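Residue-level listing of the chains:
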Amino acid sequence: MTIREAIDICDRQKPNGYEYEDKVHWLDQLDRRIFRELVVTHEGGMEEFQGYAADVDEETELLADEAYAELYVKWLFAQIDFANAEMQRYNNSVTMFNTLYNAYADWYNREHLPKQPNWVKGARK
């Protein structure tokens, strides 16, 4: 899913008055979390992630696998609800997001070997 696709789906399903830049910032927060919690802790992932500035190319692919892309939309819903101080809606949105995020994290952990600490790598020689 691209940045533009996530924002377009969000705006169609949950009309709101927030700027494109706000939503890019929220997507940046989520992908930094995914990078920090999942990608850098496993073999074969990206070595660095610069995040998304407000002027990022809207066709930039988000980090999560396409099968779990809906988590971006639910994340945007939760951020909008929180910013609007709609706590009951926020609780529903963040619960849906957490369910999707946990499913994605479980899948990622199954599909990618965890990085071994340096002391383990040295012991194998």
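The coordinates are above.
On a predicted model such as this, the values are computed, not experimentally measured, just so you know. (Residues numbered from 1 in each chain as written. Predicted model: local features only at pLDDT ≥ 70, side-chain atom pairs only at ≥ 80, totals over all residues. Heavy atoms only, no water.)

Undergrad: Would you mind showing me how to read the nonpolar core here?
TA: Across soluble globular proteins, nonpolar side chains show a tendency to be buried alongside one another. By size, the foremost hydrophobic cluster in this structure holds 35 residues, and its most contacted members are Ile3, Ile34, Leu71, Tyr72 and Tyr104. Mapped by element, the contributors of at least two residues to this core are helix 1 (3–13), helix 2 (20–39), helix 3 (70–83) and helix 4 (87–111). Of the residues forming this core, the biggest block, 9 residues, is contributed by helix 2. Residues in contact with leucine 71, not counting those within four places in the same chain, are Leu30, Ile34, Ala64, Phe97, Leu100, Tyr101 and Tyr104. (Core = buried A, V, L, I, M, F, W, Y, C linked by side-chain atoms within 4.5 Å. Buried < 20%, exposed > 50% of the residue type's maximum accessible area, 1.4 Å probe, protein only. Helix = DSSP H or I, 4+ residues; strand = E, 2+ residues; numbered from the N terminus. Contact = heavy atoms within 4.5 Å.)

Undergrad: Mind showing me how you'd approach the packing of aromatic side chains here?
TA: For the structure shown, the criterion picks out 11 aromatic pairs. Centre to centre, the rings of phenylalanine 97 and tyrosine 101 are 5.7 Å apart; their planes meet at 35°, and the pair counts as tilted. Pair noted here: phenylalanine 97 and tyrosine 101 are both in helix 4, with a separation of 4 residues, about one helical turn. Tyrosine 101 matches phenylalanine 97 in its accessibility class, with the two residues each being buried. Here a set of aromatic residues connected by ring pairs shows up, and it is made of Tyr68, Tyr104, Trp107 and Tyr108. The ring centre of phenylalanine 77 lies 5.3 Å from the NZ or CZ of lysine 14, which sits over that ring. Sitting over the face of the ring of tyrosine 101, arginine 33 holds its NZ or CZ atom 4.1 Å from the ring centroid. (Phe/Tyr/Trp six-rings, centres within 6.5 Å; stacked < 30°, edge-to-face > 60°. Lys NZ or Arg CZ within 6 Å of the ring centre and 35° of its normal.)

Undergrad: Help me out: how do you make sense of the packing of helix 1 against helix 2 in this one?
TA: For any two helices packed against each other, the geometry comes down to the angle between their axes and how far apart the axes lie. One can describe the packing of helix 1 onto helix 2 by two numbers: an axis separation of 11 Å at closest approach and a directional angle of 115°. Helix 2 is crossed by helix 1, and the crossing has right-handed handedness. Residues Ile3, Arg4, Ala6, Ile7 and Asp11 of helix 1 lie in contact with helix 2, whose contacting residues are Tyr20, Lys23, Val24 and Leu27. Residue classes in the contact of helix 1 with helix 2 are distributed as 6 nonpolar, no polar and 3 charged. (Axes fitted to C-alpha atoms, helices over the stretch in contact; angles between N-to-C directions. Left-handed = near helix turned anticlockwise from the far one by under 90°. Nonpolar A, V, L, I, M, F, W, Y, C, P; charged D, E, K, R; others polar.)

Undergrad: What am I meant to see in the pattern of salt bridges here?
TA: Between side chains of opposite charge, a pair can form when the charged atoms approach closely. Evaluated as defined, the whole model comprises 8 salt bridges. Close ionic contact of lysine 23 with aspartate 11 constitutes a salt bridge, the shortest N to O distance being 2.7 Å. Of this pair, lysine 23 sits in helix 2 while aspartate 11 sits in helix 1; the two residues are 12 residues apart in sequence, bridging distant segments of the chain. Residues glutamate 86 and arginine 89 are paired through a salt bridge, measuring 3.8 Å at the closest nitrogen-oxygen approach. (Salt bridge = Lys/Arg side-chain N within 4 Å of Asp/Glu carboxyl O.)

Undergrad: Any chance you could explain a negative patch on the surface here in plain terms?
TA: Together, Glu5, Asp57, Glu59, Glu61 and Glu66 make up a region of like negative charge exposed at the surface. Turning to its location among the elements, aspartate 57 is positioned in the loop between helix 2 and helix 3. (Patch = residues over 30% accessible without salt bridge, like charges linked within 9 Å, V, L, I, M, F, W, Y side chains within 5 Å. Areas by Shrake-Rupley, 256 points an atom, 1.4 Å probe, with all protein chains shown as cover. Lys, Arg positive; Asp, Glu negative; His and termini not counted. Charge placed at Lys NZ, Arg CZ, Asp CG, Glu CD.)

Undergrad: In this structure, what is going on with the side chain of lysine 23? I would like to understand it.
TA: Residue classification places lysine 23 among the buried residues on the basis of a relative accessible area of 2%. Here asparagine 16 takes part through its side chain, which lies 3.0 Å from a polar atom of the side chain of lysine 23. For lysine 23, the residues in contact, after removing those within four places along its chain, are Ile7, Asp11, Asn16, Tyr18 and Leu76. (Polar contact = N/O pair within 3.5 Å; in protein donor to acceptor, adjacent residues only side chain to side chain.)

Undergrad: Explanation requested: helix 1 in the structure shown.
TA: One turn of an α-helix holds 3.6 residues; hence residues three or four places apart share an orientation. Those residues of helix 1 that sit buried are Ile3, Ala6, Ile7, Ile9 and Cys10. One face of helix 1 carries all of its buried residues, which in axial projection span an arc of 160°. Residues of helix 1 that are buried sit in contact with helix 2 and helix 3. (Arc of directions from axis to C-beta.)

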